[in-house]
Amino acid sequence: MSALVLDGAAVADATIARVADAARALGLTPGLAVVLVGSDPASQVYVGAKGRAAKLCGFHSVQHTLPETTSEAELLALIDDLNRDPAIHGILVQLPLPKAIDSSRVLEAIDPAKDVDGFHPVNVGLAASGVFERALIPCTPAGSMILLDRACELLGRKLDGLDAVIIGRSNIVGKPMAQLLLARNCTVTIAHSRTRDLPAVAARADVLVAAVGRPEMVRGDWVKPGAIVIDVGINRIPAPEKGEGKTRLVGDVAFDEAARVAGAITPVPGGVGKMTIAMLMANTLTAAARAKGLAAPSV
Ligand code: GUN
């Protein structure tokens, strides 16, 4: 293995500590409300981790757990309450929502100033216009950028002018990641399931971001030697070697193969996933500071 393995857990812990310090220094108690509809096991794990991190930061943290049968009107009524609640600065509705609920309507109902996921069209538009200082930026791409900056620092490289290829065009990761990389003067390609000769497109990348949700799809020979590989995937796969019925987490990148070729790579677990939660804390602090008319502290 030759690649530098980026320790997302360490960077995330340091970020969370800085967020907690900054909130204390400003005399703020940011409030985060996390809403979970239904009982998807992965969502339960993520929501639990978000609430724990908020408490660790000294935030006011509330979780609303609603049954799978919740109607769109009921969910919208809860969001309306949270929008009006002055103790709540950040609202996160965990996705995916049950099929009977129109996710886009729900996301559009959140006050853009409290939209700590950065999924509201107002925040999407601000990010697309390059107005990052007034937007809230989606947490996973924002955390990926911090790890990418760290990789550049450790490898002595500049992002400016590099070829970046993102595999995946989701609203949560692929598209906002493209905006962030473009703002940093990368030449950005968004590839996806219909891209012709995906391995060849990926192999052109100085920065390769995998966000497709397919376990170990990106192979070692898709990676340009020395490239920085950011693996956003979190996939649970069977692990019979650990015993019957056991599972393990893998990314969208075949880690061992890619790490032999890449200059730097994020592991799964312990990479981008931890950063997502840290950036949620940072966004909640930003929202709380702006609500008080203060400049958002940089963490
Ligand atoms: N589901 C998977 N990723 C996310 C995320 O970043 N935010 C929310 N709300 N739901 C998700």
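So, here is what we can say about the structure in this document. Bear in mind that the values here come from a model prediction, so they are computed numbers and not experimental data. (Residues numbered from 1 in each chain as written. Predicted model: local features only at pLDDT ≥ 70, side-chain atom pairs only at ≥ 80, totals over all residues. Heavy atoms only, no water.)

Moving on to the site of the ligand. Close to the ligand lie Leu92, Val93, Gln94, Leu95, Asp117 and Phe119. Between a nitrogen atom of the ligand and a main-chain N or O atom of valine 93, the distance comes to 2.8 Å. In the model, a nitrogen atom of the ligand is placed 2.6 Å from a nitrogen or oxygen of the aspartate 117 side chain. Here the ligand loses 82% of its free accessible area of 280 Å² to cover by the protein chains. (Near = heavy atom within 4 Å. Polar contact = N/O pair within 3.5 Å; in protein donor to acceptor, adjacent residues only side chain to side chain. Areas by Shrake-Rupley, 256 points an atom, 1.4 Å probe, with all protein chains shown as cover.)

Let us look at the environment of glycine 161. Position of glycine 161 among the secondary structure elements: in the loop between α6 (139-155) and β5 (163-167). For the pair glycine 161 and arginine 184, spaced 23 residues apart in sequence, the C-alpha to C-alpha distance is 8.3 Å. Apart from the residues within four sequence positions on either side, glycine 161 is in contact with Asn185, Cys186 and Thr187. (Helix = DSSP H or I, 4+ residues; strand = E, 2+ residues; numbered from the N terminus. Contact = heavy atoms within 4.5 Å.)

Here we take up the sheet that holds strand β11 (residues 264-265). The pairing of strands in a sheet comes from backbone hydrogen bonds and takes either a parallel or an antiparallel form. Pairing within the open sheet is parallel, and its six strands lie in the order β1-β11-β8-β7-β5-β6. Across the chains shown, the open sheet's two edge strands, defined by having one partner strand only, are β1 (4-5) and β6 (187-191). Looking at chain direction, strand β7 (residues 207-210) and strand β8 (residues 228-231) are connected through four bridges and run parallel. What sits directly across from valine 207, in β8, is isoleucine 228. (Pairing = 2+ DSSP bridges.)

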